[in-house]
Amino acid sequence: MAKGDAYTLGYAAAVCVACSLLLSGTAALLKSKQDFQVELDRKVNVLKAFGVATIDGQGRAIGGEEVEKIFGEHISEVVLDGETGQVLPGLAVRDVSRDDLEGKKKLPLFLWKDGDRVTRYAFPISGKGLWSTIYGYLALGEDLSTILGVTFYRHGETPGLGAEISTDAFQKQFVGKKVFKDGRLQPIEVVKGRVANRYPEGSDRAVDGISGATLTGNGINRFLNGDLEKYETYFAGIRGGG
Amino acid sequence: MAGNLKKVLVDPLSENNPVTIQILGICSSLAVTVKLETALVMAIGLTVVTAGSNWVISLLRNTIPSKIRMIVEMAVVSVLVIVADQFLRAYLFEISRQLSVFVGLIITNCIVMGRLEAYALQNPPGLSFLDGIGNGLGYSLVLVIVASVREILGSGKWLGFRVIPEAAYSAGYINNGFMLLAPGAFIVLGLLIWVQRTLSKKFETD
């Protein structure tokens, strides 16, 4: 097996070319299917925030067709300008660049309509937790104050501690909390420990923290309330208009 | 020859099991065995990768320059793993997210590299392929057992179906939360190794 260096180099090059061809081939082949899955996952999370059951009676997730059907019947998407809080006409959520989304220069908003009335609002929330950026959705009811649902669907927090934010048990606590009271926003708070200890009389804006995940909770407090403020300019207009 | 074939395929299931006898691939068997469903997908993934890379490397075994032998092996394994990961993302999105980083970590699973070095470099492609399948199944068997124990004790379910009746919960039965954590898997795996070695009379001697 004593072969020259030229052979070794040539062999390495051939392996590289073969591998890269195979990989790019696979990636190109599966791209559309993967994008579809990511898009579906995003929509499922919007539905979850809206409080729609995404798990059927047998404990299985609802299929793509069902999701598309609900989206088609009830949900429309608009994009708001991050500065002015006004709707940018003719712009779809999928056309907004990633930079604009991450930098919150453009704000997607999902409207749930029953007939012609908009009865629920949902929008993406994101920000730093302890280790990672947490992504989720927040949905508000017609009064633009009552939380219908919160989801956190992507993050890299510690499994067993911070990662518990993606459990239903944690997310359900937010349902029914009020973000707007006495004419202004009131901050939602993930407390350290239990709400019952911090606010013995109960609270319509606080939820129990996760032990061992205080910093993840603090992160949520920061970005959730920060994002709410960004959307408030638009919401204030709706409230004002009755 | 037929006896040889059978030996290649069956030996790794028990006598020479990669996990319980050779103690390889422990990390992933702890990480993905909370539920049987993820364990099965992981097991299939590893079996495909081991068999595939064994086959490819065995085909190339007489042409690979010895200086870059391991790098070539690594490249082949990585390509197979990435392809497997891409397919999971396209067709089993939810499961691929639960497996998260562990599919990618098949690359570093000692079973794969171990079989390449120990078997595929010396044997013809057909036998190497079977050896890969055999070792993959040996790993799968352990994963399935550990995952079954953990899912039944930890969640009261098996493959997502409830096996511990609601009546038991009303009567005060509580799932063992410890089984959902990695140390639970460690204990189950330890017991499994003990049982297996006692049965096969295979002990470490010093």
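See the structure shown above.
Here is what the cut-offs are and how they apply
Residues numbered from 1 in each chain as written. Chains lettered and ligands numbered in written order. Predicted model: local features only at pLDDT ≥ 70, side-chain atom pairs only at ≥ 80, totals over all residues. Heavy atoms only, no water. Contact = heavy atoms within 4.5 Å. Buried area = accessible area lost by both parts, 1.4 Å probe. Salt bridge = Lys/Arg side-chain N within 4 Å of Asp/Glu carboxyl O. Polar contact = N/O pair within 3.5 Å; in protein donor to acceptor, adjacent residues only side chain to side chain. Axes fitted to C-alpha atoms, helices over the stretch in contact; angles between N-to-C directions. Helix = DSSP H or I, 4+ residues; strand = E, 2+ residues; numbered from the N terminus. Parallel < 35°, antiparallel > 145°, perpendicular 65-115°, else oblique. Left-handed = near helix turned anticlockwise from the far one by under 90°. Nonpolar A, V, L, I, M, F, W, Y, C, P; charged D, E, K, R; others polar. Disulfide = S-S within 2.5 Å. Pairing = 2+ DSSP bridges. Buried < 20%, exposed > 50% of the residue type's maximum accessible area, 1.4 Å probe, protein only.

**Remarks on the interface of chain B and chain A**
At step 1: Opposite the 24 residues of chain B that make contact, chain A presents 20 residues.
At step 2: With both chains or domains summed, chain B and chain A bury close to 1900 Å², and 66% of this area falls on carbon and sulfur atoms.
At step 3: On the chain B side of the interface with chain A, the three residues burying the most area are Val-79, Ala-90 and Phe-93 of chain B, jointly 24% of the side's total.
At step 4: Along the contact surface separating chain B from chain A lie one salt bridge.
At step 5: Its salt-bridge partner being Asp-5 of chain A, residue Lys-67 of chain B comes within 2.9 Å of it at the nearest N-O pair.
At step 6: For the interface between chain B and chain A, the tally reads five residue pairs in polar contact (both at pLDDT 80 or more).

**A closer look at the packing of helix α3 (residues 36-60) of chain B against helix α8 (residues 125-155) of chain B**
All names here are of chain B.
At step 1: Between α3 and α8, whose axes approach to 8 Å, the crossing angle comes to 165 degrees. On the basis of the axis angle, α3 is roughly antiparallel to α8. In this structure, α3 crosses over α8, and the sense of that crossing is right-handed.
At step 2: Its residues placed into classes, the contact of α3 with α8 shows 17 nonpolar, nine polar and three charged.

**Here's the deal with the state of the cysteines**
At step 1: Taken as a whole and judged by the stated rule, the model has zero disulfides over all chains.
At step 2: Sulfur of Cys-27 of chain B: no disulfide; nearest cysteine sulfur belongs to Cys-110 of chain B and is 9.3 Å away.

**So, the sheet that holds strand β2 (residues 106-114) of chain A**
Residue and element names in this part refer to chain A.
At step 1: Overall, antiparallel pairing links the five strands, which are arranged β1-β2-β3-β4-β5 in an open sheet. Each edge of the sheet is formed by a strand with only one pairing partner; in this case those strands are β1 (75-81) and β5 (147-154). Neighbour to neighbour, the strand axes of the sheet diverge by 25 degrees on average, direction disregarded.
At step 2: In terms of strand pairing, strand β4 (residues 133-140) meets β5 through six bridges, oriented antiparallel. Along β5, the bridge assignment pairs Gly-136 with Phe-152.
At step 3: Lying over the sheet, helix α2 (residues 64-74) contacts β1 and β2, oriented at roughly 85 degrees with respect to β2.

**Examining the pairing of β4 of chain A**
All names here are of chain A.
At step 1: Burial runs high along β4: seven of the eight residues are buried.
At step 2: Summarising the sheet, strand β3 (residues 117-128) and β4 pair through eight bridges and their orientation is antiparallel. Its bridge partner being in β4, Gly-127 is matched across the sheet by Ile-134.
At step 3: The hairpin formed by β4 and β5 contains six residues between the paired strands, and Leu-144 there has a positive phi angle of roughly 55 degrees.

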